[in-house]
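What the coordinates show
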Amino acid sequence: MLAELTAGAVEDAEARAATRPLADVERAAAAAPPALDARAALAPADIVKIIAEVKRASPSRGDLAAIPDPALQASRYEEGGATAISVLTEQRRFKGSLADLEAVRAAVSLPMLRKDFIATPYQVFEARAAGADIVLLIVAGLEPRVLTQLHALVLELGMTPLVETHSLDEVERAADLGASLIGVNARDLSTFELDRDLFGRLVERIPADAVKIAESAVRTPEDVAHYRAAGADVVLVGEALVTGDPVATLRAFRGIRDTQEVHPS
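Read on for a plain summary of the structure. These numbers were taken from a predicted model, which means no experiment stands behind them. (Residues numbered from 1 in each chain as written. Predicted model: local features only at pLDDT ≥ 70, side-chain atom pairs only at ≥ 80, totals over all residues. Heavy atoms only, no water.)

Digging into the pairing of strand β10 (residues 234–237)
The test is simple: Summary of the burial criterion: residues with accessible area below 20% of their type's maximum are buried, those above 50% are exposed, and those between are partly exposed, where the area comes from a 1.4 Å probe applied to protein chains only. Helix numbers and strand numbers start at the N terminus; a helix is a DSSP run of H or I with at least 4 residues, a strand a run of E with at least 2. Strand pairing is assigned whenever DSSP identifies at least 2 bridges connecting the two strands. Looking down the strands as they point away from you, a crossover is right-handed if its path from the first strand over the helix to the second goes clockwise.
Burial of β10 is two-sided: the residues Val234 and Leu236 facing one way and the residues Val235 and Val237 facing the other way are all buried. Bridge analysis of strand β1 (residues 49–54) against β10 gives four bridges, and the strand direction is parallel. Bridge assignment links Lys49 to a residue of β10, and that residue is Val234. Assessed by its sense of winding, the connection that carries the chain from strand β9 (residues 211–215) through helix α10 (residues 221–230) to β10 is right-handed.

What about the pattern of salt bridges?
Convention followed: We count a salt bridge whenever a side-chain nitrogen from Lys or Arg sits within 4 Å of a carboxyl oxygen from Asp or Glu.
In the structure shown here, the tally under the stated rule is 16 salt bridges. Residue Arg93 pairs with Glu4 through a salt bridge whose shortest N-O separation is 3.3 Å. Of this pair, Arg93 sits in the loop between β4 (84–88) and α5 (98–107) while Glu4 sits in helix α1 (residues 2–19), and the two are 89 residues apart along the sequence. For Arg93, a relative accessible area of 29% translates into the label partly exposed. For Glu11, the salt bridge identified is with Arg92, shortest N-O distance 3.4 Å.

Remarks on the packing of helix α6 (residues 121–129) against helix α7 (residues 144–156)
Each pair of packed helices can be described by the angle between their axes along with the distance between the axes. In plain terms, the rule: Every axis in this analysis is a line fitted to C-alpha atoms, fitted for helices over the stretch in contact. Angles between the N-to-C directions lie between 0 and 180 degrees. Roughly parallel means an angle under 35 degrees; roughly antiparallel, over 145; roughly perpendicular, 65 to 115; everything else is oblique. A clockwise turn of the near helix away from the far one marks a right-handed crossing, whereas an anticlockwise turn of less than a right angle marks a left-handed crossing. We call two residues contacting when some pair of their heavy atoms lies within 4.5 Å.
Taken N-terminus to C-terminus, the directions of α6 and α7 make an angle of 20 degrees; their axes are 10 Å apart at the nearest point. Between α6 and α7, the interaxial angle falls into the category roughly parallel. The two elements α6 and α7 cross, and the hand of that crossing is right-handed. Contact residues: Pro121, Val124 and Phe125 in α6; Leu150, Leu153 and Val154 in α7.

Topic: the sheet that holds strand β7 (residues 160–165)
The eight strands are arranged β1-β4-β5-β6-β7-β8-β9-β10 in a closed barrel whose pairing can be described as parallel. For this sheet, the mean inter-axis angle between neighbouring strands, taken without regard to orientation, is 25 degrees. Contacts between helix α8 (residues 168–177) and the sheet are confined to β7 and β8 (181–185), with β7 contributing the most and set at about 160 degrees to the helix.

Comments concerning α7
For clarity, the threshold we go by: Multiplying 1.5 Å by the residue count of a helix minus one yields the expected span of that helix.
Given a rise of 1.5 Å per residue, 13 residues ought to cover 18 Å, and the 18 Å separating the end C-alpha atoms of α7 matches this to within 8%. The inward-facing, buried residues of α7 contact α6, β6 (134–138), β7 and α8. Of the residues flanking the end of α7, it is Gly158, one or two places downstream, whose phi is positive at about 85 degrees.

A look at α5
As a reminder of what qualifies: The directions from the helix axis to the C-beta atoms are what the arc is built from. Polar contacts here mean pairs of N or O atoms no more than 3.5 Å apart (in protein, one a potential hydrogen donor and the other a potential acceptor; neighbouring residues in sequence count only if both atoms are side-chain atoms).
Turning to α5, its buried residues are Leu98, Asp100, Leu101 and Val104. Looking straight down α5, one finds its buried side chains confined to an arc of 150 degrees; they lie on one side. Buried positions along α5 lie against α1, α4 (70–80), β4, β5 (112–115) and α6. Regarding α5, its N-cap is Ser97, as a side-chain oxygen of that residue lies 3.3 Å from the backbone nitrogen of Ala99 further along.

Points about the side chain of Arg128
Definition in use: Counting rule for charge: Lys and Arg are taken as positive, Asp and Glu as negative, and neither His nor the chain ends is counted.
Mapped onto the elements, Arg128 comes out in helix α6. In this structure Arg128 is buried but unpaired, with Asp133 as the nearest side chain of opposite charge at 4.1 Å. With residues near it in sequence (within four places) discarded, Arg128 still touches Ala29, Ala32, Pro33, Pro34, Ala35, Asp133, Leu157 and Met159.

Regarding the packing of α1 against α6
Note the cut-off: All residues other than Ala, Val, Leu, Ile, Met, Phe, Trp, Tyr, Cys, Pro, Asp, Glu, Lys and Arg, Gly among them, are scored as polar; the first ten of these are nonpolar and the last four charged.
Close contact between α1 and α6 brings their axes to 10 Å; oriented N to C, the two are set at 70 degrees. As the angle between them shows, α1 and α6 are arranged roughly perpendicular. As α1 runs across α6, the sense of the crossing is left-handed. Side by side, α1 and α6 meet where Ala9, Val10, Ala13, Arg16 and Ala17 of the first sit next to Tyr122, Gln123 and Glu126 of the second. Taken together, the residues of the contact of α1 with α6 sort by class into five nonpolar, one polar and two charged.

Digging into the environment of Pro68
Here Pro68 shows up in the loop between β3 (62–63) and α4. Sequence separation of Pro68 and Arg56 is 12 residues, and the distance between their C-alpha atoms is 9.4 Å.

So, unusual backbone geometry
Even without glycine at this site, Ser216 takes up a positive phi of about 80 degrees. Assignment of secondary structure puts Ser216 in the loop between β9 and α10. Positive phi values are uncommon outside glycine, yet Ala217 reaches one of about 65 degrees. Among the structural elements, Ala217 can be located in the loop between β9 and α10. Residue Ala217 is classed as partly exposed on the basis of its relative accessible area of 21%.

Written out as structure tokens, the structure reads:
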């Protein structure tokens, strides 16, 4: 599944490149306002931080929400206290687009993640041109040389890579890169099976100076508390926010504090 999704995203990027050459995208990226400091925004604090996701669909769950106005959705996330916004731009299975990213950038002042199957420099330049501050790099989907090159390019453009892992070996690869944002996805992108306890098993191997991000399997405040108790600085949430009241849900999630998680009443 991951190979299929990555190949499709690259094919779509190549189609865009046929009408908007790399040189044009590079100029647009250079002309964009500087990226926000996502590492500072997501730094560990005494309360869990939330990356809130604009997400219409997924291969595992199908259609989730129409989201006709992604800018409005993101504005509600900002109102609810999200620390950053994630925008799905993959069009085939997640029904997203770069236009969504651009609309959200114009509507909110928070750091913004381009969440897609990034595998080429063209996609990285596109992200910066559209206003992204963070770019997702999935270790399982990239050859080591390509991962290293894309990580360096994201940094060169002033953005912050979010390096996503799903195994001890992948966490070690992220650590070797010096990644400042390391995510552990509870969902295996090869099979789409979930393991909510995976983060807890891997978190001790994430370098102390990296922001520790738990991804997937978040529907309730108890899920957020579970990740927080395991050591998550940040939790990425999608489905729970697009299928319910995003403001109320975010406020409930952000109310999870260490004292409540470690010593529940």
